[in-house]
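For reference, the chains in residue letters:
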Amino acid sequence: MIKTGVIHGRFQILHNDHLKYLLAGKARCEHLVVGITNPDPCLTKDDTADPKRSSDKANPFTYFHRYQMVRAALTQSGVDEKDFSVVPFPINFPERYHYYLPMDATFFLTIYDEWGERKLEMFHSLGLKTEVLWRRTLATKGLSATDIREKVAAEEPWQHLVPSGVVAIIKNTLR
């Protein structure tokens, strides 16, 4: 088992497939560092591989709300708080990674599209140890946080798509 793993995502509504991803990473390491990407507007920038992911509309929840979502989802899934950390991850600023992340860890990721391939290339260019948890097409990716945000806005049922602990955080945030 790997000592330390790093996994990352925007988690702009942490949903059930995000939780599967987080738990897959945790199953491979003793301590999981969860990096929340696009933690604030100053640490967010466009990337041609996926320009939409840096827009304000695609990032409605603050770092703190997403931190709460990650902690709630993992602890309610039985992961002990001592076995994971949650940190900002300035994904588009690789020169800043060492300020936030253990650079000797294994960096886990999933690949669905050009953006996933771009991140893998970026990690390799930095000499980071990586493990691809799975590769899937966009058509078989599963849940989409964008779709869930749209359901929330339209007042359609969405609660079954997110871990139970996340429901209360979203409701409190949207008040």
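Everything discussed here concerns the structure shown above.
Being a predicted model, the structure only gives us computed values, none of them experimental.

Peer 1: Explain the overall build of the protein chain to me, using residue names and the numbers behind them.
Peer 2: Each helix and strand counted, the protein chain has 6 helices and 5 strands in total. Listed by position from the N terminus, the elements making up the protein chain come as β-α-β-α-β-α-β-α-β-α-α. Taking 2.2 N^0.38 as the reference for a compact globule, 175 residues should give roughly 16 Å; the C-alpha atoms of the protein chain span a radius of gyration of 15 Å, in line with that estimate. Over its C-alpha atoms, taken along the principal directions, the protein chain stretches across nearly 45 × 35 × 30 Å. Residues classed as buried in the protein chain amount to 49% of the 175 residues present. Sequence-distant contacts, at least 24 apart, represent 73% of the contacts inside the protein chain between residues at least 6 apart. Within the structure as shown, the protein chain displays about 8,900 Å² of accessible surface, and the carbon and sulfur contribution to it stands at 51%.

Peer 1: So, the packing of aromatic side chains: which residues are in play, and what are the values?
Peer 2: Tallying each qualifying case throughout the model produces 8 aromatic pairs. Here the aromatic rings of Tyr 63 and Tyr 67 are separated by 6.2 Å at their centres, their planes lie at 40°, and the arrangement is tilted. Pair noted here: Tyr 63 and Tyr 67 are both in helix H2 (residues 63–76), with a separation of 4 residues, about one helical turn. When the centroid spacing of 6.3 Å and the interplanar angle of 70° are considered together, the rings of Tyr 97 and Phe 123 count as edge-to-face.

Peer 1: Can you lay out the nonpolar core for me, pointing to particular residues and giving the numbers?
Peer 2: By size, the foremost hydrophobic cluster in this structure holds 34 residues, and its most contacted members are Ile 7, Phe 11, Leu 14, Val 34, Val 70 and Leu 74. Those elements that place two or more of their residues in this core are helix H1 (16–26), strand S2 (29–37), H2, strand S3 (84–89), strand S5 (129–135), helix H5 (145–153) and helix H6 (164–174). In terms of residue count, H2 provides more of this core than any other element does, 5 residues in total. For Val 70, the residues in contact, after removing those within four places along its chain, are Phe 11, Leu 14, Val 34, Ile 36 and Val 86. Ranked by size, the runner-up nonpolar core spans 16 residues in total, among them Val 33, Phe 89, Ala 105 and Ile 111.

Peer 1: So what's going on with the pattern of salt bridges? Which residues, and what values?
Peer 2: Applying the stated rule across the entire model yields 6 salt bridges. When the shortest N-O distance is used, the salt bridge between Lys 82 and Asp 83 registers 3.2 Å.

Peer 1: Let's hear about the packing of H2 against H6: which residues, and what values?
Peer 2: Relative orientation of the contacting elements H2 and H6 amounts to 160°, with a least axis distance of 7 Å. Taken together, the axis directions place H2 and H6 in an arrangement best described as roughly antiparallel. The interaxial crossing formed by H2 with H6 has right-handed handedness. Listed contacts from H6 to His 65, Gln 68, Met 69, Ala 72, Ala 73 and Gln 76 of H2 are Ser 164, Gly 165, Val 166, Ile 169, Ile 170 and Thr 173. Of the residues in the contact of H2 with H6, the class split is 6 nonpolar, 6 polar and no charged.

Peer 1: Kindly report on the environment of Glu 81, identifying the contributing residues and their values.
Peer 2: For Glu 81, the location among the structural elements is in the loop between H2 and S3. Here Glu 81 falls in the partly exposed class, since its relative accessible area comes to 47%. In the structure, Glu 81 is positioned 10 residues away from Arg 71 in sequence and 7.9 Å away in space, judged by C-alpha atoms. Once you skip the residues sitting within four places of it in the chain, Glu 81 turns out to touch Arg 71 and Thr 75. At 2.6 Å, the side chain of Glu 81 forms a polar contact with the side chain of Arg 71.

How each quantity is defined
Residues numbered from 1 in each chain as written. Predicted model: local features only at pLDDT ≥ 70, side-chain atom pairs only at ≥ 80, totals over all residues. Heavy atoms only, no water. Helix = DSSP H or I, 4+ residues; strand = E, 2+ residues; numbered from the N terminus. Rg over C-alpha atoms; globule rule 2.2 N^0.38 Å. Buried < 20%, exposed > 50% of the residue type's maximum accessible area, 1.4 Å probe, protein only. Contact = heavy atoms within 4.5 Å. Areas by Shrake-Rupley, 256 points an atom, 1.4 Å probe, with all protein chains shown as cover. Phe/Tyr/Trp six-rings, centres within 6.5 Å; stacked < 30°, edge-to-face > 60°. Core = buried A, V, L, I, M, F, W, Y, C linked by side-chain atoms within 4.5 Å. Salt bridge = Lys/Arg side-chain N within 4 Å of Asp/Glu carboxyl O. Axes fitted to C-alpha atoms, helices over the stretch in contact; angles between N-to-C directions. Parallel < 35°, antiparallel > 145°, perpendicular 65-115°, else oblique. Left-handed = near helix turned anticlockwise from the far one by under 90°. Nonpolar A, V, L, I, M, F, W, Y, C, P; charged D, E, K, R; others polar. Polar contact = N/O pair within 3.5 Å; in protein donor to acceptor, adjacent residues only side chain to side chain.

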